[in-house]
Each structure stands twice: as structure tokens, then as C-alpha cells.
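# Structural features, examined
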Amino acid sequence: MIHTAEIAPEIYRISIFVPEINLEFSHFLVRDEEPLLFHAGLRGMFPMLRQEISRMIDPSKLRHIGFSHFESDECGGLNEWLQIAPAAEPVCGLVGAMVSVNDFAIRPARALTRDDVLSTGRYRFRFIPTPHVPHGWDAGVLFEESDKTLFCSDLFHQWGQHDPITSSSIIERCKDALVQAEAGPFANYVPYTHHTGIVLHDLADLAPKTLAAMHGSSYSGDGGQALRDLAVVMGDVLGPKAEQGTTELGTAGGA
Ligand SMILES: [Fe+2]
Ligand SMILES: [Fe+2]
């Protein structure tokens, strides 16, 4: 049920599969001088995650707890980590810190703008704000500049249980996941706005070598091309509906 794999040097994907919803939740531990965890995880998963992380580092030595946006699978367990790691800080964007995290968390966040660099030792991180991509005003992604790993949260969402990392294209699985989500109670999981494509192309220009996805396999390869492909898929699956103004409540303009 819990599985750990190294997806890049000293970057570990700790994944928990929940069969009831056919979904993996992946958390990424960066084992560096100042250990960083990306995705605090659901509060209910904390005991299992803590035990697993204890096999790799002393969890009380964690220094940075990062996540994309304020949602339980991203940061539900944040305070549990802050309690056991006295030197740890939440790491998020400025909007996330000011709107939610500084109220919710037992210690204030280290709020990063695009110009800030967070060094953990050998690794250098930037938080790139990506409002409403995948969702949430506060959303962003974390990019590690030395090895070019992009921690991309819900982007590249895939249902099911998969290899920890693959060099085969994941884009068809991502397309299927979006189509499937739109057909059920998770419709509108990802909004499609006038700047969705711009955000994805901006991330593609970072030329990531590894895409660390929260749900599904991580990807090793031409991450820039994968992001450009995702922009096409999201436009195809989500865009036309938005352009026609169709919502689950009906069609704008009364057509
Ligand atoms: Fe999310
Ligand atoms: Fe998620």
C-alpha cells in the first residue's frame, strides 16, 4: 500500500495507493542538508508517512514542508509535521501564506515569490506561481534548478496504481483521467481559463527533466514537451466547453 522509490538523486517518491478511490497519493522527500518534504499529505496518512520517512531520515530534522495549494492532500498533515520537526517551516507562495497558511499553520510560512531561491544544500528551489493551474488561486509548483525536477502537484493526474517513474509518455493516461473526471462527480477538477495554456508553456520553458506528479507515475524525459502536450490535451478536453460557456447548470446565452 505504501511504496518508496528514488526518482532523482536523493529525491524519494513515497506513494500511498487508496483502492477505494483508485488513486495514488505521492509525497516527495528531498534528502539534503536541509530535508524538504513536498506534500504534507492527508492528516489521516501522517502516521504511515512518518514511519516510512523514518527509514530514510530522522523526521524531526525536516526543515521545509512545501506544497502547491491549500487542500487536504497537499497540506492536511502540515501541523503534524511542524509539531515533530521544530525547525521546519511551511513553504508556499505569497497568496497561499497570506490567505490560508499563516492562519492554519502553527508556525508562519516561508512565502516564496518567483524571484526567491530556497537552498537546501545541494539543491535550489523556486516556487513558480501558477494561479488556478491545476486549481486554486494560491497554486504554484516547485522547481529544483540543479537537476531540473518539477514538483507539479495535480498536473499530470493519472487514476490507478502505476510505476513510480516512467520514461514512456504519460499523456494518454492524463487525457483519460481528465475525460473520466469530467464525466463524474469530480467534474471541473481543473478549471480552464484564458491563461491555462500560457502557464503550461511558461513551465515548459523551464525544460524539466523529471516531472514529480502527485497522482500517478512521475515522468523522466523531455518535461517541456510533456507540458506542451498537456496544454493541447487540456485545451481539447476542457477548452471547448469553456469557450461555449457551458456549465453543469446549463449553457450561457440560452442556446
Ligand atoms: Fe489539488
Ligand atoms: Fe492532489
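Right, let's walk through the structure included here. (Residues numbered from 1 in each chain as written. Chains lettered and ligands numbered in written order. Predicted model: local features only at pLDDT ≥ 70, side-chain atom pairs only at ≥ 80, totals over all residues. Heavy atoms only, no water.)

### What about the nonpolar core?
- Ranked by size, the top nonpolar core spans 33 residues in total, and within it Leu 29, Ile 53, Leu 62, Ile 65, Leu 78, Trp 81 and Val 101 carry the most contacts.
- Grouped together as the second largest cluster of nonpolar side chains are 30 residues, Phe 143, Phe 156, Cys 174 and Val 233 included. (Core = buried A, V, L, I, M, F, W, Y, C linked by side-chain atoms within 4.5 Å. Buried < 20%, exposed > 50% of the residue type's maximum accessible area, 1.4 Å probe, protein only.)

### Structural notes on the coordination of the iron ion (ligand 2)
- Around the iron ion (ligand 2), the protein supplies Asp 73 (OD), Asp 154 (OD), Met 214 (SD) and His 215 (NE2) as donor atoms, at distances of 2.0 to 2.4 Å.
- Look at where the donors of the iron ion (ligand 2) fall in the sequence and you get D-x80-D-x59-M-H.
- The metal-metal distance between the iron ion (ligand 2) and the iron ion (ligand 1) is 3.8 Å, with Asp 154 serving as a donor to both. (Donors = N, O, S within 2.8 Å, 3.2 Å for Na, K, Ca; no water.)

### Some points on the coordination of the iron ion (ligand 1)
- The protein atoms that coordinate the iron ion (ligand 1) are His 69 (NE2), Glu 71 (OE), His 135 (NE2) and Asp 154 (OD), at distances of 1.9 to 2.2 Å.
- Considering all 4 donor atoms around the iron ion (ligand 1), angles at the metal cover 87 to 163 degrees and the coordination shape is irregular.
- Donor residues binding the iron ion (ligand 1) come from one chain and are separated in sequence as H-x1-E-x63-H-x18-D. (Tetrahedral: all angles 85-135°; square planar, octahedral: opposite > 155°, others 65-115°.)

### What to know about empty space enclosed by the protein
- In total, this model carries 1 cavity of 30 Å³ or more according to the counting rule given.
- Within this model, the largest cavity holds a volume of roughly 100 Å³.
- For the largest cavity, the lining is made up of 14 residues, of which Asp 154, Phe 156, His 157, Leu 178 and Val 190 are closest to its centre.
- Those elements that place two or more of their residues in the lining of the largest cavity are α5 (171–182) and α7 (223–243).
- Looking at the lining of the largest cavity, the element that brings in the most residues is α5, giving 4 residues.
- A class-by-class count of the residues in the lining of the largest cavity yields 12 nonpolar, 1 polar and 1 charged. (1 Å grid on protein atoms, 1.4 Å probe; cavity = no way out; pocket = protein on both sides within 12 Å on 5 of 7 lines; lining within 4 Å. Points joined across faces, edges and corners; volume = space filled by probe spheres on them. Helix = DSSP H or I, 4+ residues; strand = E, 2+ residues; numbered from the N terminus. Nonpolar A, V, L, I, M, F, W, Y, C, P; charged D, E, K, R; others polar.)

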